[in-house]
Amino acid sequence: PFIARMRRGDENDPLLAQVLPSPEENARYPGFVSDPLSEQSFTPGRGMLHKYHGRVLVIVSGACAVNCRYCFRRHFPYNDFKPDRDDWEAIFRYVASEKTVTEVILSGGDPLVLSDKRLGAILDSLEAIPHVTTLRIHTRMPVVIPNRVCESLTDRLAASRLQVVTVIHANHPNEIDDDVGHAMAALRRAGATCLNQSVLLKGINDSADTLIRLSRRLFEVGVMPYYLHLLDPVTGTGHFDVQGDRAKAIMRSVLHELPGYLVPRLVREVPGELSKTPGFP
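On a predicted model such as this, the values are computed, not experimentally measured, just so you know.

Novice: Got a minute to help me understand the overall build of the protein in this structure?
Specialist: Of regular secondary structure, the protein possesses nine helices and nine strands. What you see for the protein is a C-alpha radius of gyration of 18 Å, in line with the 19 Å of a compact globule of 281 residues. The dimensions of the protein, computed from C-alpha atoms along their principal axes, are 45 × 40 × 35 Å. By residue count, 53% of the 281 residues in the protein fall in the buried class. In the protein, the share of contacts with a sequence separation of at least 24, taken over all contacts with a separation of at least 6, comes to 82%. A total of about 13,100 Å² of accessible surface is found on the protein, and carbon and sulfur atoms cover 51% of it.

Below, the structure written as structure tokens:
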């Protein structure tokens, strides 16, 4: 479905450019490294990242429906890190022992590559931990393969005692068609709060017009703009980089055109900081 939204014959199509390997990935840029967020420094156990107060992120899979060429985890050692059956028990024990953890984030890869049965088992275990109140799912699947949002998935989410937050990932308004809209409507009917995060990418969405159209299109399908990330400096992605001053200029134009609730927060992730670092006042 994602491919079907690309403009055939257009080598500069903004969807194609996100997933098509390029020789530019071999260029070297100062400050671009394999682990730009130092994620492997925040691992209390296999499969877990505990960087921020109150929430634990779980790498449930190393697989995605598409391989985004700007991905900050493009060099992540998934084979050494993703949890096996025994590791899952350790993850649940860790979350249960950390009484300040109220939110568990399923990430990857993409958590929706797992079967509904496997996701349901994860929810069962998290729901049994009293101090966990929120489940956040970071997924590109409703955008790339919207029919992954099936009835069995939404029924299980709707039945959960946890507050479910679904964070999708769309960078350009052309990514959102009616099928994506139907998927998001199904998630909202299941009680999920639906947010979007984007990455600011040179040649793809580095214009105020594109970001304005993206926010409006997201709102049409019931998704609130959440974050606009400055590019994480991972090796092989420097050709996508948009400098901070230009990013701020673009955001000033976005702020001028849109109501505040449709303006995503421009942020950068800085290793060791206690939260995302705002890139715009």
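Novice: What exactly am I supposed to notice about the sheet that holds strand 2 (residues 55–59) here?
Specialist: Neighbouring strands of a sheet are bound in pairs by backbone hydrogen bonds; such pairs are parallel or else antiparallel. In space, the nine strands of this open sheet follow the order 1-2-3-4-5-6-7-8-9, with mixed pairing throughout. Each edge of the sheet is formed by a strand with only one pairing partner; in this case those strands are strand 1 (48–49) and strand 9 (277–278). Of the pairings in the sheet, the one linking strand 3 (residues 103–107) to strand 4 (residues 134–138) comprises four bridges and is parallel in character. Of the residues in strand 4, the one forming a bridge with I105 is R136. The sheet contacts of helix 3 (residues 85–97) involve strand 1, strand 2 and strand 3, and relative to strand 2 the element is tilted by about 175°.

Novice: Which parts of the structure should I look at to understand the packing of helix 4 (residues 116–127) against helix 6 (residues 151–159)?
Specialist: Between two packed helices, what matters for the description is the angle formed by their axes and the separation of those axes. Packing of helix 4 against helix 6 leaves a shortest axis separation of 10 Å and a crossing angle of 5°. It follows from the interaxial angle that helix 4 and helix 6 lie roughly parallel. In contact with D116, L119, G120, L123, D124 and E127 of helix 4, helix 6 contributes S152, L153, R156 and L157. For the contact of helix 4 with helix 6, a count of residues per class yields four nonpolar, two polar and four charged.

Novice: Can you help me understand the side chain of R140 in this one?
Specialist: Within the secondary structure layout, R140 lies in the loop between strand 4 and helix 5 (141–144). Within the structure, R140 has its side chain in polar contact with the backbone oxygen of H169 (distance 2.4 Å). For R140, the residues in contact, after removing those within four places along its chain, are F2, Q18, V66, C68, Y70, D110, H169, A170, N171 and E175.

Novice: What am I meant to see in the environment of P83 here?
Specialist: With respect to the helices and strands, P83 occurs in the loop between helix 2 (78–81) and helix 3. The class of P83 is buried, set by a relative accessible area of 12%. Here the alpha-carbon distance between P83 and C64, two residues 19 residues apart in the chain, equals 16 Å. Leave out the neighbours within four places in its chain, and P83 touches R46, G47, I59, W88 and I91.

Novice: Even after reading the chapter, I still don't get the side chain of H138, so can you show me in this structure?
Specialist: The residue H138 is located in strand 4 in this model. Given a relative accessible area of 16%, H138 falls into the buried group. One polar contact links H138 to Q197, side chain to side chain, over a distance of 3.2 Å. When near neighbours in sequence (up to four residues on either side) are disregarded, H138 contacts I105, L106, S107, D110, P111, V167 and Q197.

Novice: I'm lost on helix 9 (residues 244–257) in this one. Help?
Specialist: One turn of the α-helix equals 3.6 residues, which is why residues spaced by three or four share an orientation. Look at helix 9: 20 Å from first C-alpha to last across 14 residues, which is about the 20 Å you get at 1.5 Å a residue. A247, I250, M251 and V254 are the residues of helix 9 that are buried. One side of helix 9 carries all its buried residues, which in axial view fall inside an arc of 100°. Across helix 9 from its buried face, at more than 90 degrees, point the exposed residues D245 and H256.

Novice: Please clarify how the pairing of strand 7 (residues 224–229) should be interpreted in this entry.
Specialist: Two faces, one strand: in a regular strand the side chains alternate between the faces of the sheet. In this sheet, strand 7 lies alongside strand 6 (residues 193–199) in parallel orientation, the contact comprising five bridges. The residue of strand 7 that forms the bridge with L195 is M224. Taken together, strand 6, helix 8 (residues 208–220) and strand 7 form a β-α-β motif whose crossover is right-handed. Handedness of the crossover is the feature at issue here: the chain leaves strand 7, passes through helix 9, returns alongside strand 8 (residues 265–268), and the resulting connection is right-handed.

Novice: Looking at this structure, how should I read the pattern of salt bridges?
Specialist: Oppositely charged side chains may form a pair once their charged atoms are brought near each other. Summed over the entire model, instances satisfying the criterion amount to 15 salt bridges. Residue R74 pairs with E25 through a salt bridge whose shortest N-O separation is 2.9 Å. One end of the pair, R74, is in the loop between strand 2 and helix 2; the other, E25, is in the loop between helix 1 (16–19) and strand 1, and 49 residues separate them in sequence. We classify E25 as buried; its relative accessible area is 10%. Two residues, R217 and E220, come together in a salt bridge whose shortest N-O distance is 2.8 Å. On the criterion of helical spacing, the pair formed by R217 and E220 is a turn pair, its members being three residues apart in helix 8. The class of R217 is buried, set by a relative accessible area of 18%.

Criteria and cut-off values
Residues numbered from 1 in each chain as written. Predicted model: local features only at pLDDT ≥ 70, side-chain atom pairs only at ≥ 80, totals over all residues. Heavy atoms only, no water. Helix = DSSP H or I, 4+ residues; strand = E, 2+ residues; numbered from the N terminus. Rg over C-alpha atoms; globule rule 2.2 N^0.38 Å. Buried < 20%, exposed > 50% of the residue type's maximum accessible area, 1.4 Å probe, protein only. Contact = heavy atoms within 4.5 Å. Areas by Shrake-Rupley, 256 points an atom, 1.4 Å probe, with all protein chains shown as cover. Pairing = 2+ DSSP bridges. Axes fitted to C-alpha atoms, helices over the stretch in contact; angles between N-to-C directions. Parallel < 35°, antiparallel > 145°, perpendicular 65-115°, else oblique. Nonpolar A, V, L, I, M, F, W, Y, C, P; charged D, E, K, R; others polar. Polar contact = N/O pair within 3.5 Å; in protein donor to acceptor, adjacent residues only side chain to side chain. Expected span 1.5 Å × (residues − 1). Arc of directions from axis to C-beta. Right-handed = clockwise from strand over helix to strand, strands pointing away. Salt bridge = Lys/Arg side-chain N within 4 Å of Asp/Glu carboxyl O.

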